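Each chain, written out:
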Amino acid sequence: FFKAYHPALHSGQFWKSAYEFLTPNQLPSITDYASHATCQEKPEIVILYIGEAMRADHSPLNGYHRNTTPGIGSSANIINLPNVLSGATQTLKSIYSILTLTSPTTGEPTHGSFIDLLANHQYSQSLLVGANTEGWWYKTPQVAALFHPHLQLYSRPASAEQYADDINKVAEANNSPKFILIEDGAGHMPYRSEHKTFGEQRDIDKYDNCILDIDARLSAIINALKDRDAILLFTSDHGESFGEEGRYGHAGPMSAMEQRHVFSFIWYSDSYAAKRPEIVKSLRDNAAIF
């Protein structure tokens with residue numbers, strides 16, 4: 001832990017970001033912007049799944065030699081986003097930047113969350129806290145909920161089956177369209193996983209096993225949603241270092257591309273595509289730009 005975090009602890013970045021996250025400013029609402037969307041044809045389910053420490057180059061979708069994402073890779077409805085960079089190299093500030101509108105120049109939030117916009121369109125909203133929630137640094141989903149009074153903490157899933165069960169419970173709860181925010185702690189050091197596929201000799205082997213855990217959960221969710229009108233957006237909060245220029249873990253400098261270049265993709269159901277072919281075509285045409 002200290003080997004990985006010492007640079008951040010020494011520089012004060014970690015503590016400054018933690019303080020800012022735990023004492024949020026009253027940001028102007030994103031709904032202050034004029035909205036031209038009518039949302040007459042709302043997707044039944046929209047999911048934002050925030051993974052933990054999953055770097056882009058550790059998926060075969062981006063050329064990795066190990067098959068760490070077999071479930072995701074087998075889906076025809078996956079749109080890989082190969083060029084996504086995180087807004088920070090540690091979890092607290094990264095989740096802040098994902099959920100709020102931040103300035104591209106300063107990295108500071110200028111408006112509140114897009115979740116408020118979904119609330120205006122009558123989306124019921126749930127927060128699913130992911131696995132590995134022991135330890136205070138995994139409490140970020142609960143802290144994130146403080147920013148968004150519309151989000152209701154729903155459950156604390158761990159296995160792939162629990163993820164699928166909880167998604168089905170939320171989906172069947174009422175007739176309104178639904179937004180689900182998931183934050184999954186798998187992938188964080190010390191890289192604990194039920195999988196042993198890649199061995200356990202090195203941290204990088206254990207880490208790749210953790211990615212298999214995330215893939216299994218995502219696959220279970222996708223299977224649960226395949227017959228619904230649904231879209232899922234996945235992005236990691238940051239990447240991870242394994243010795244590049246002497247760095248380990250994350251919370252390093254913004255110049256550490258292995259910590260900023262994150263695995264991201266969009267999945268959509270057949271029903272979603274049938275109702276919105278122009279949106280799916282646009283997403284596919286522009287995937288490399290993201």
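These lines cover the structure that appears in this document, whether it is placed above or below. Computed from a prediction, not measured in an experiment: that's the story for all the values here.

## As for the overall build of the protein
Right, on to step 1. When helices and strands are tallied, the protein shows 11 helices and 11 strands.
Right, on to step 2. Across the 290 residues that make up the protein, the buried fraction comes to 52%.
Right, on to step 3. Contacts in the protein between residues at least 24 apart in sequence constitute 76% of all its contacts with a sequence separation of at least 6.

## Some details on the side chain of S97
Right, on to step 1. Topologically, S97 is positioned in helix α4 (residues 91–99).
Right, on to step 2. Relative accessible area serves as the criterion here: at 17%, S97 is assigned to the buried category.
Right, on to step 3. A distance of 2.7 Å separates a polar atom in the side chain of S97 from the backbone oxygen of S94.
Right, on to step 4. If we skip the residues at most four places from it in the chain, S97 touches G87 and T102.

## Details of helix α7 (residues 160–171)
Right, on to step 1. Compared with the 16 Å implied by 1.5 Å per residue over 12 residues, the 17 Å span of α7 between its first and last C-alpha is a close match.
Right, on to step 2. Every buried residue belonging to α7 is among A160, Y163, A164, D166, I167, V170 and A171, and all of these are buried. Taken down its axis, α7 places every buried residue within 165° of arc, on the same side.

## Digging into α4
Right, on to step 1. With seven of nine residues buried, α4 is to be regarded as a mostly interior element.
Right, on to step 2. Here α4 has its buried residues at T91, L92, S94, I95, Y96, S97 and L99.

## A word on the pairing of strand β7 (residues 178–183)
Right, on to step 1. Counting buried positions along β7 yields six of six residues, so the element is predominantly enclosed.
Right, on to step 2. In the sheet, strand β1 (residues 45–51) pairs with β7 via six bridges, with the strands oriented parallel. Within β7, the residue paired with I45 across the bridge is K178.
Right, on to step 3. In this sheet, β7 lies alongside strand β5 (residues 124–129) in parallel orientation, the contact comprising six bridges. If you follow V129 over to β7, its bridge partner there is E183.

## Some details on the side chain of T91
Right, on to step 1. Mapping T91 onto the fold places it in helix α4.
Right, on to step 2. A polar atom in the side chain of T91 sits 3.3 Å from the side chain of E52.

## Quick look at the nonpolar core
Right, on to step 1. I47, Y49, I182, I221, F234 and F265 are the most contacted members of the largest nonpolar core, which has 32 residues in total.
Right, on to step 2. Sorting the residues of this core by element identifies β1, α7, β7, α8 (203–225), β8 (230–236) and β11 (264–268) as the ones contributing at least two each.
Right, on to step 3. Looking at which element gives the most residues to this core, the answer is α8, with eight residues.
Right, on to step 4. With sequence-adjacent residues up to four places away left out, Y49 is seen in contact with Y163, I182, D184, I214, R217, L218, I221, L233, F234 and T235.
Right, on to step 5. With 24 residues, the next largest nonpolar core counts I50, L118, L181 and A287 among its residues.

## Focus on the pairing of β11
Right, on to step 1. Of all five residues in β11, five are buried; the element is thus mostly enclosed.
Right, on to step 2. Here β11 shows no split at all, with S264, I266 and Y268 on one side and F265 and W267 on the other all buried.
Right, on to step 3. In terms of strand pairing, β8 meets β11 through five bridges, oriented antiparallel. Bridged to L232 within β11 is W267.

## Overview of the packing of α7 against α8
Right, on to step 1. The contact between α7 and α8 brings their axes to 8 Å, and the two run at 35°. Pair α7 / α8 crosses with right-handed handedness. Contacts from A160, Y163, A164, I167 and N168 of α7 reach α8 at A216, R217, A220, I221, A224 and L225.
Right, on to step 2. Its residues assigned to classes, the contact of α7 with α8 shows nine nonpolar, one polar and one charged.

Cut-offs used in this document
Residues numbered from 1 in each chain as written. Predicted model: local features only at pLDDT ≥ 70, side-chain atom pairs only at ≥ 80, totals over all residues. Heavy atoms only, no water. Helix = DSSP H or I, 4+ residues; strand = E, 2+ residues; numbered from the N terminus. Buried < 20%, exposed > 50% of the residue type's maximum accessible area, 1.4 Å probe, protein only. Contact = heavy atoms within 4.5 Å. Polar contact = N/O pair within 3.5 Å; in protein donor to acceptor, adjacent residues only side chain to side chain. Expected span 1.5 Å × (residues − 1). Arc of directions from axis to C-beta. Pairing = 2+ DSSP bridges. Core = buried A, V, L, I, M, F, W, Y, C linked by side-chain atoms within 4.5 Å. Axes fitted to C-alpha atoms, helices over the stretch in contact; angles between N-to-C directions. Left-handed = near helix turned anticlockwise from the far one by under 90°. Nonpolar A, V, L, I, M, F, W, Y, C, P; charged D, E, K, R; others polar.

The values are spatial; any link to function lies outside them.
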